[in-house]
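Structural characterization, general
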2 protein chains.
Amino acid sequence: MNYLTASKEQLIAEREALMAKYNEFKAKGLKLDMSRGKPSAAQLDESEGLLTVLSKNEDTIVDGLDTRNYGILDGIVPARKLFAELLEVPFENVIVGGNSSLTFMYDTIMRLCMFGAAGVNEPWFDCKDRKFLCPVPGYDRHFTITEQFGFEMINIPMDENGPDMDMVEKLVAEDASIKGIWCVPKYTNPEGVVYSDEVVHRLANLKPAAKDFRIMWDNAYCVHTISQDDKLANIFTECKAAGNEDMFFEYTSTSKITYPGAGVCAFVASDANIAWTKKLMNAQAISADKVNQLRHVKFFKNAQGILDHMKKHAAILKPKFDMVLSKLDTYIKDAGVGQWKVPNGGYFVAYAAYPGTAKAIFAMCKEAGLVITNAGAVYPYGKDPQDSILRIAPSLPPVSELEVAMDLFCTCALITAIDKILETK
Amino acid sequence: MNYLTASKEQLIAEREALMAKYNEFKAKGLKLDMSRGKPSAAQLDESEGLLTVLSKNEDTIVDGLDTRNYGILDGIVPARKLFAELLEVPFENVIVGGNSSLTFMYDTIMRLCMFGAAGVNEPWFDCKDRKFLCPVPGYDRHFTITEQFGFEMINIPMDENGPDMDMVEKLVAEDASIKGIWCVPKYTNPEGVVYSDEVVHRLANLKPAAKDFRIMWDNAYCVHTISQDDKLANIFTECKAAGNEDMFFEYTSTSKITYPGAGVCAFVASDANIAWTKKLMNAQAISADKVNQLRHVKFFKNAQGILDHMKKHAAILKPKFDMVLSKLDTYIKDAGVGQWKVPNGGYFVAYAAYPGTAKAIFAMCKEAGLVITNAGAVYPYGKDPQDSILRIAPSLPPVSELEVAMDLFCTCALITAIDKILETK
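Since the structure is predicted, the reported quantities are computational estimates derived from the model, not experimental observations.

Attention shifts here to the pairing of strand E8 (residues 178-183) of chain B. Residue and element names in this part refer to chain B. Extensive coverage of E8 is indicated by the burial of six of its six residues. Two strands pair when backbone bridges link them, and strand E5 (residues 131-136) and E8 are joined in this way by three bridges, in the parallel orientation. What sits directly across from Leu133, in E8, is Ile181. With four bridges connecting them, E8 and strand E9 (residues 214-218) associate as parallel partners. When the bridges of E9 are listed, Gly180 appears paired with Arg214. Running through helix H8 (residues 197-204), the crossover from E8 to the neighbouring parallel element E9 is right-handed.

Now the structure itself:
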C-alpha cells in the first residue's frame, strides 16, 4: 500500500497493525546497535599476520634504516611508495603518518588557521567570518573540526554525482571568506555516492576568490568496494592539469583495511604543500610510528595486496548490506515514504525518511532497544533542515542481529511516516 | 699545565703540539657522530619481545575491549595504570597517547594558543607579547615549539639544583604575559641535573600574574638512570598541596625505553586539565594506537618491569658515559679551560667550554670528521650568549668510536681555548 495515496482510514488501520508489531519488539528487551561505522571482529581477524610480520630485531631494518629509532618525518619510503601506487600519485608527494588520517586533517586545518597556507602566510584565524562548505549529508567528525575552529558551515546539497557544483562554483567565486570544502569523494559517508568525473573536474578547476581556498579530499574509502568497484578521477592530476595543484589535500588510511586504532595514514599534496606541511610538522613531531608502517608494507607487499585483502572484507560486508537493502525494499518501497541509494562500497546506507520524522524514528528505535546514529548527525551543527536523513551502519552487528534491527527500524519508519501524513489529512 | 696561569710562550708551544695531533686526526678521514640522543641498536634489541607479545587475534583483547578497533580517546586502562604506578599519580589523571610526548606537548601549547586554558578561555594568541621561560641550557625541540607559536623566550640560568628560582618567581609575579616554563626536571637535557626538592616545591608554589600560567613538565628521563638513581619530587602532589593543581602538565614516554619511533607516551594533569584536554582532543582524534599500548602493558607487566628493563640500558650506556667523562678528566681538568657535571642519568654530557669557543670547537671537529650537536642549539633561537655550551651525546656510537671522538673533541677544546686566551696576552 502506497501511504501517500492511501485514505485516512487505511492509514489508521495500518498504523494499528504496525504498532502491535512494534510493541512485540519492545517486549523482547532487545539490545541492538547499528550506530557505528566500525569493522567487525571478523574483518579485523583477517589482519592477524600484521601482528607478527615483524618478529625479530633484524626485521625492523629496511634499506639500512632502523625503523625503531628516531627520524624520517615523512614516513619510510616503502610505505610512501605503497600509498603512491594505490592512489596513483608520485611517492614524493606522499607523507605517511600515524594511526589517524582524521588527526592529519585536523592538524592541516590547525596549521592553516594559525600560520596560513603555503605561499600565502595569512592565518585563516585572521579572517573573522571564515566559512567552510559542507556537502550534506556528510561526516560528522569533519564538521566537528571546522566547528571547533570557528568556521560558519554552509550546507551544499548532494546528488548522485556529488556536491551541487553550480552552487559551489558560485559561492567560492563570490566570497573570499570561504576557505575550503570537505569531500569524501568515493563511497561518501553516509550515502555511498562516488563523485562523477565531471564533478571532480569542476572541483579541480574552481576559481575561488580566496587564494588560500583548499579542498579537503578525504579518500577514506578508496578501496572499500562491496559489490562493484567504481573509478574515481584523480584529484592530484586533475588539479595539476588545471593549474590548481596547491588547492587540494588528499587523505586516506588503513583504519578500515587493517585496524581502526592501529593502522597508518597517508597524505597527498603538491610539492609546495608537502614542503609547507613538513616545515610546520617539524616542530610537532620527529616521526610517526615507522615500525607499524613497515609492518603494513611487509604485510601487503604492494597495492594489489591491499586490493586482495579488501575482497575478504567485501565478502564479510556484502551479506550485511544485502540484508539492510532487502529489508528497505520489503518494507518501504511500496509504502513510498523513504528513499535510499544502493552503495557499491563504503560503510553506510543513508535512509532519507519521510520529512520531519528522522528524530521520531531515532527515538522509537531507542525505546525498543535499537541504537542508530543520532538524527541530524550527518549535518553541520547536528541540524538536518528536513529532519530526514538517518545513517545505517551495517558493518558491526552479525547478519542475524541486522535482520531484527532492520525489521524494527522499518516498522518505526512506517509508523512515524503515517503520523506525519495524518497531520495533514 | 693550567692554561689560565701559563705564560704566552708555554701556550704557543702547547698549541703547536696540539695542532700536530689535530692534523693527525684530520689525516685519518674520520666519520664520527656524537650529535644525536638516539639509543643504540643494542638498547633497542632489548625490546625484541615487544614485537611478538601480541601475536594472535585474541591477544589484542583486554578486559573485553578490542584494542584493534575505534575508541577510547584517553588510552586503555591497563596502560594508564602502568604509567600511573610509574609516576605515582592516580590513573584517572593519566592519558596514554601515541608514539610521541613531543607531539602531545606541541598539541597542548596549540590548544592553549587557540582556545585558552581550562576555565580561562582566553586564547594565548590574544596576548600579543606572550613570553615563555626557558631554563638554559635546555632542549632545542622545546624552544622550537614556543618559537613557532610566536613566544618571546626568556633564558633562565640553571645551577646544580635546577632553574634560578629567585628569577622565576620574580618574573612570573610581575608579568602576566609570561605564560609558562619548560622543565626537564630529572637528568636535564643536556646537563643531567635533577631538580632539587626545594626547586620543585617553589615551582609548585609559584604565584604567577597570569592565571593561565603553565609548567611544562617534560619528565622524559624519569627512569633513565645510568649510575645511581635520584629521587625527583612529585609535581602532581606538590601542585595539589599548593592549591595550584591546574598549573602543570607532565609528560613522559617510552621513546628511550622501548623504541623512539614506536613507543607510547603519557600525559598527567589535574582533573580539570584532563577534562579540558579530552574535550579539545575529541575533535582531533578517535584514539591513539591501543594495540601498541597493550604491547607495552604485556611486555612490562608493571612499573618494576620498566625499571628492570632500564638496568639493561644502563649497562650498555655506562661504559660510554665513563669514556666521555674520563677523557674530559684526562685532557681538560688540569688545563682548567672547561667545566662539566657528572650526570647520574639521562642522555647527555654538557661541556662548558672556555667562553667564546663553542662555535670554533664545533667547526674544528667538523673539519676533522666529527659531528657534534650544533653550538648554540641548547639555547632559544640557537644563541648561546657565552658561546660556551656544547652537548655531547654518547649513546649511539660504540665505545671504541667514542674514544677517538673524545680525543679529537678535547684536542679541539684545548686549541680553541689557547687561541682565545692568547687574544688577551
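Here we come to the packing of helix H13 (residues 358-367) of chain B against helix H14 (residues 399-422) of chain B. Residue and element names in this part refer to chain B. Running from N to C, H13 and H14 point in directions that differ by 135°, and their axes come no closer than 9 Å. Taken together, the axes of H13 and H14 lie oblique to each other. Seen along the crossing, H13 lies across H14 with a hand that is right-handed. Counted together, Ala360, Ile361, Met364 and Cys365 of H13 and Leu408, Phe409, Cys412, Ala413, Ile415 and Thr416 of H14 form the full contact between these two elements. Looking at side-chain class alone, the contact of H13 with H14 contains nine nonpolar, one polar and no charged residues.

Each copy superposes on the other: chain B lies on chain A with an RMSD of 0.0 Å after a rotation of 180° and an axial shift of 0.0 Å. What we have between these two chains is a two-fold relation. Identified as the residue of chain B closest to the rotation axis by C-alpha distance is B:Thr52, at 3.0 Å. A shared binding surface is used by both copies, with 100% of the interface residues of chain B retained as interface residues in chain A.

This paragraph deals with the domain arrangement of chain A. When the parts come together, some accessible area is lost, and that loss is often what is quoted as the size of the interface. Residues and elements named next belong to chain A. Per the domain assignment, the segments of chain A are domain 1 (8-43 + 311-422) and domain 2 (59-306). Put simply, the middle of domain 1 and the middle of domain 2, counted by C-alpha atoms, are 31 Å apart. Taken together, the contact pairs 21 residues of domain 1 with 25 residues of domain 2. Looking at the side of domain 1 that touches domain 2, the elements with two or more residues in it are helix H12 (303-333) and strand E15 (389-392). For the side of domain 1 that touches domain 2, the leading source of residues is H12, giving four residues.

Conventions used here
- Residues numbered from 1 in each chain as written.
- Chains lettered and ligands numbered in written order.
- Predicted model: local features only at pLDDT ≥ 70, side-chain atom pairs only at ≥ 80, totals over all residues.
- Buried ≥ 20, exposed ≤ 12 C-beta atoms within 10 Å, placed from the backbone.
- Helix = DSSP H or I, 4+ residues; strand = E, 2+ residues; numbered from the N terminus.
- Pairing = 2+ DSSP bridges.
- Right-handed = clockwise from strand over helix to strand, strands pointing away.
- Axes fitted to C-alpha atoms, helices over the stretch in contact; angles between N-to-C directions.
- Parallel < 35°, antiparallel > 145°, perpendicular 65-115°, else oblique.
- Left-handed = near helix turned anticlockwise from the far one by under 90°.
- Contact = placed C-beta atoms within 7 Å.
- Nonpolar A, V, L, I, M, F, W, Y, C, P; charged D, E, K, R; others polar.
- Least-squares fit on C-alpha atoms with pLDDT ≥ 70 in both.
- Domains from an automatic or database assignment.

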